[in-house]
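Commentary on secondary and tertiary structure
Residue strings, one per chain:
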Amino acid sequence: MLKNFSFPSWTSPVRIRSPALTTRGPPRAGPASASRVADRPVLRVAAVEPSSLASELGIEPGAELLAINGQALEDFLDLEFLAADETFLLHVRTPAGEEIEYDVERPEGLPLGIALEAPKILRCANRCDFCFVDGNPEGARKPLFIRDDDYRLSFRHGNFATLTNLRPKDVDRIIEYRLSPLYVSVHATDPEVRRRLLRNRKAPAVLEQMAMFAAHGIRFHTQIVLVPGVNDGAVLERSLGDLFAMGEIVLTAAVVPVALTSYSKLDLVRVLTPAEAAAAVDTVERWSARAREERGMGWVYGSDELYLEAGRPLPPAEAYDGFPQAENGVGAVRQLQQRIAEAREGLADLRGRRALVCTGRGMARLMPQVLETVASATGARLECVVLENTFFGPSVTTAGLLPGAAFLEALRGRDGYDLALLPAEAVSDAGVFIDDLPFADLQAAAPMPVRLSYDFVDALGAGRAA
Ligand code: SF4
């Protein structure tokens, strides 16, 4: 009663009533069989791409993906890896509760076309003094209160994870699915210093953990969040030395200054002084020079914030070797300048137009360099508006954490402008700022058209003239 489904085909799949799997003999060996597990996480379809294999099969939003080849699906990793073969049996429960098993054959590379509902995030086992969650004021968006530490998101999205909450089955999955590279918050290679930073007595020795995974082909991007008096100075020196000694296993290392807000545990942790930041830059640059000589790449990079706090000029774009950690604020400014320069020909002619560019204090000193590039490419008259973070407090200078209310306040009463650009990172996928103000509401209330932008190029392309 199984339906063979070769893509493309317009025949309807045969619907098989549960228990479908029992018609195929014993379940395949694996973590669990779909027919045996009652309390497994639900893998629900959020959306189906048109003209995809999933839409061809008739899978609808709301359907539950139960198993592939008899192996129960726990999360998006199982789906991605088990559905990677050209042929597989996919067991689905429709929104109406009907169970169907599809015998799927598909050409190599054809995407399944399924977007899943957000997975249940793995929670953190640490209690860092500098945790951003403690730094949230009341009223911040709920997701900001989640202490996530999820190796799956580390692999999929480059989120940094500490690997201190791995269960044996997580270790097995990392190895089995060869989740590489992983992004790891090392902070310090000395196990005791790291345990103190993470406030976790049980945190495993990170170098041993990485070496174990490396034996199975896993590689790492690493970061060190620098806490003055704890993991800077000699500890930083040792950490970089240890990571460098691991060779090609550690692809890159980033050194980032600790970021705190008025709500953080300021009795326990403080920000770097300019002299401490400058000392860290010196350490980074010394290791970077050695790496460049021995390996042909800088390998370790200071974040833009570290250079800002040190009062040092940013390294040139070439120093970032293709910006492997730009998402982590490492070389983000240079990458932005490079993108604008490369897209120059495709930008709109905005001569005679006035535009406001809103940003946080972190970019205040660097933004004029960026705007010069934009103004010379478009002809627009650009004015930078530097906002203080009224939500987290003035110590939070990142543009992406500015609340909607601060933007609105800054735009109100400013007449005669053709456009305002806001940092796109400040708005969630659901279209709301960190203080829950919808971007659409801000647009409606502002006295000029407002656009979100990641890199100016997206908002000022020729087809988007103000
Ligand atoms: S690892 Fe530390 S900073 Fe990250 S969520 Fe856990 S407690 Fe917070």
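Described in the following lines is the structure provided in the data block. Source: prediction; values computed, not measured.

This part takes up the overall build of the protein chain. Scanning the protein chain for helices and strands turns up 14 helices and 15 strands. Against the compact-globule benchmark of 23 Å for 466 residues, the protein chain has a radius of gyration of 25 Å, which places it among compact chains. Expressed as lengths along the three principal axes of its C-alpha atoms, the size of the protein chain is roughly 70 × 55 × 45 Å. The 466 residues of the protein chain split such that 52% are buried. A separation threshold of at least 6 residues defines the contact pool for the protein chain, and within that pool the share at least 24 residues apart is 70%. Element-wise, carbon and sulfur atoms account for 52% of the exposed surface of the protein chain, whose accessible area totals about 21400 Å².

Further remarks concern the packing of aromatic side chains. Under the criterion given, the structure shown has ten aromatic pairs. On the basis of an interplanar angle of 25° and a centroid distance of 6.3 Å, the ring pair of Y301 and Y320 is categorised as stacked. Here Y320 lies in the loop between α9 (304-310) and α10 (332-343) and Y301 lies in strand β11 (residues 300-302), a separation of 19 residues in the sequence. Each member of the pair Y301 and Y320 is classed as buried. Above the face of the W299 ring, R295 is positioned so that its terminal group lies 5.9 Å from the ring centre.

Under the defined criterion, the tally for this structure stands at zero disulfides. Looking at the unpaired C358, the closest cysteine sulfur is the one in C384, lying at 8.1 Å.

Right, let's talk about the sheet that holds strand β12 (residues 354-360) for a bit. Taken in spatial order, the four strands make up an open sheet running β13-β12-β14-β15, and their pairing is parallel. Taken across any chain shown, the strands that pair with only one partner, and hence form the sheet edges, are β13 (381-387) and β15 (450-453). Here the average twist between neighbouring strands, direction ignored, is 25°. In this sheet, strand β14 (residues 419-423) lies alongside β12 in parallel orientation, the contact comprising three bridges. Along β14, the bridge assignment pairs A355 with L419.

What follows deals with unusual backbone geometry. Cis geometry marks the peptide bond from S180 to P181, where omega comes out at 0°. In this structure, P181 sits in the loop between α4 (168-176) and β8 (182-185). Positive phi, normally seen in glycine, also occurs at S51, with a value near 60°. Position of S51 relative to the elements: it lies in the loop between β2 (45-48) and α1 (53-57). A relative accessible area of 69% means that S51 is categorised as exposed. For N69, which is not glycine, the phi torsion reads 50° and is therefore positive. Locating N69 in the fold gives a position in the loop between β3 (64-68) and β4 (71-72). Look at N69 and you get buried, because its relative accessible area is 16%.

Every residue close to the ligand is listed here: C124, N126, R127, C128, C131, F132, R147 and T162. Looking at the shell around the ligand, its residues break down into four nonpolar, two polar and two charged.

We now examine helix α6 (residues 206-214). Residue pairs three or four apart in sequence face the same way in an α-helix, which turns once every 3.6 residues. Buried residues of α6: V206, Q209, M210, F213 and A214, and no others. Projected down its long axis, α6 carries its buried residues within an arc of 135°, all on one side. Packing partners of the buried residues in α6 comprise α4, β8, α5 (191-198), β9 (220-226), α7 (233-245) and β10 (250-257).

Moving on, we get to α10. Here α10 is twelve residues long and its end C-alpha atoms lie 16 Å apart, about the 16 Å a rise of 1.5 Å per residue gives. Every buried residue of α10 is listed here: V333, R334, Q335, L336, Q337 and I340.

Inspection of the entire model under this criterion finds 28 salt bridges. Across the pair R219 and E248 runs a salt bridge, and its minimum N-O distance is 3.5 Å. Taken together, the residues R219 in the loop between α6 and β9 and E248 in the loop between α7 and β10 connect sequence positions 29 residues apart. Classification of E248 by relative accessible area gives exposed; the value is 61%. Between D282 and R312 there is a salt bridge; the shortest N-O distance is 3.1 Å. In this pair, D282 is assigned in helix α8 (residues 274-295) and R312 in the loop between α9 and α10, connecting sequence segments 30 residues apart. With a relative accessible area of 30%, R312 lands in the partly exposed category. Salt bridges sharing common partners tie together R44, E64, R93, E99 and E117.

Analysis parameters
Residues numbered from 1 in each chain as written. Predicted model: local features only at pLDDT ≥ 70, side-chain atom pairs only at ≥ 80, totals over all residues. Heavy atoms only, no water. Helix = DSSP H or I, 4+ residues; strand = E, 2+ residues; numbered from the N terminus. Rg over C-alpha atoms; globule rule 2.2 N^0.38 Å. Buried < 20%, exposed > 50% of the residue type's maximum accessible area, 1.4 Å probe, protein only. Contact = heavy atoms within 4.5 Å. Areas by Shrake-Rupley, 256 points an atom, 1.4 Å probe, with all protein chains shown as cover. Phe/Tyr/Trp six-rings, centres within 6.5 Å; stacked < 30°, edge-to-face > 60°. Lys NZ or Arg CZ within 6 Å of the ring centre and 35° of its normal. Disulfide = S-S within 2.5 Å. Pairing = 2+ DSSP bridges. Axes fitted to C-alpha atoms, helices over the stretch in contact; angles between N-to-C directions. Near = heavy atom within 4 Å. Nonpolar A, V, L, I, M, F, W, Y, C, P; charged D, E, K, R; others polar. Arc of directions from axis to C-beta. Expected span 1.5 Å × (residues − 1). Salt bridge = Lys/Arg side-chain N within 4 Å of Asp/Glu carboxyl O.

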